[in-house]
Amino acid sequence: MTERTDNVEIQNEDETEHDERVYSTDGGVVASTPAASRIAEALQQPTIGEDPCQEELEPRTKRARTEEMDVSLLQKGGVYEVQSESGNIYEVDIASKTCTCPDFTKRDPSGGCKHLRRADFEIRNGNVPRPDGRLPETMDMVKQLAAEIHELDQEIEKREERRRELEATAAVIEEFSIQ
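Residues numbered from 1 in each chain as written. Predicted model: local features only at pLDDT ≥ 70, side-chain atom pairs only at ≥ 80, totals over all residues. Heavy atoms only, no water.

Within the secondary structure, A95 sits in the loop between β6 (89-93) and β7 (98-99). Its relative accessible area of 31% is what places A95 among the partly exposed residues. Taking the C-alpha atoms as reference points, A95 and G78, 17 residues apart in sequence, are found 5.8 Å from one another. (Helix = DSSP H or I, 4+ residues; strand = E, 2+ residues; numbered from the N terminus. Buried < 20%, exposed > 50% of the residue type's maximum accessible area, 1.4 Å probe, protein only.)

Another aspect to go through is the pairing of β6. Burial along β6 is one-sided: the face carrying Y90 and V92 is buried and the face carrying I89, E91 and D93 is not. Here strand β5 (residues 79-83) runs beside β6; their pairing, made up of 5 bridges, is antiparallel. Each residue of the ladder has a partner; that of Y80, found in β6, is V92. Between the end of β5 and the start of β6, which pair antiparallel, lie 5 residues, with G87 showing a positive phi angle near 100°. Direction of pairing for β6 relative to β7: antiparallel, over a ladder of 2 bridges. Of the residues in β7, the one forming a bridge with V92 is C99. Following β6, the chain reverses through 4 residues before pairing antiparallel with β7; K97 in that reversal takes a positive phi of roughly 60°. (Pairing = 2+ DSSP bridges.)

Per-residue confidence for the chain gives a mean pLDDT of 75; residues scoring 70 or more make up 65%. Of the regions scoring below 50 in pLDDT, residues 10-17 engages in 10 contacts with residues more than four places distant in sequence or in other chains. The low-confidence segment residues 26-52 (pLDDT under 50) makes 58 contacts with residues lying over four places distant or belonging to another chain. (pLDDT = per-residue confidence, 0-100. Contact = heavy atoms within 4.5 Å.)

Before going further, it helps to examine the sheet that holds β5. Picture the strands of a sheet paired through backbone hydrogen bonds; they go either parallel or antiparallel. Across the sheet, 4 strands lie side by side as β4-β5-β6-β7; this open sheet has antiparallel pairing. What marks the edges here is a single partner per strand, and that holds for β4 (70-75) and β7. Strands β4, β5, β6 and β7 of the sheet are contacted by helix α4 (residues 114-124), whose axis makes an angle of about 65° with β6. (Axes fitted to C-alpha atoms, helices over the stretch in contact; angles between N-to-C directions.)

Structural data, given as structure tokens:
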């Protein structure tokens, strides 16, 4: 049996929020992540161009993306170990959006510390196992590429058929045209 993911709508006074809940095979909730989480907002800040310039990023996000850090899954449920550039090791809990670093424990910055942001970034890019312990989904990408190849094959067939029609029409016109 595979895990199930549901999108749940939560109505607040001002707006409707969407949570993504991941259920384990026994029916328990593995994680409940707000769709507009503080981490996601920090990593997806509005920028001018397609490729965000480092100067446009919030400083913690900039450091999360540029500093040397090693991220690894410590335990299922979304607890990761992040070794920072300084060599310090911190525990990041993606599900509860916490980190053991001094920046997080003393300041609790909006969007999380650089370690929390980096762990989220690595998960989203498929560089580390997902919070449920599974490896990043590569089969989805293989299926997507296979679908694109199939679409291209169909397009090629249509164009070849159109070419044959045009060649036949040109041959008829040449045959009946006055030379």
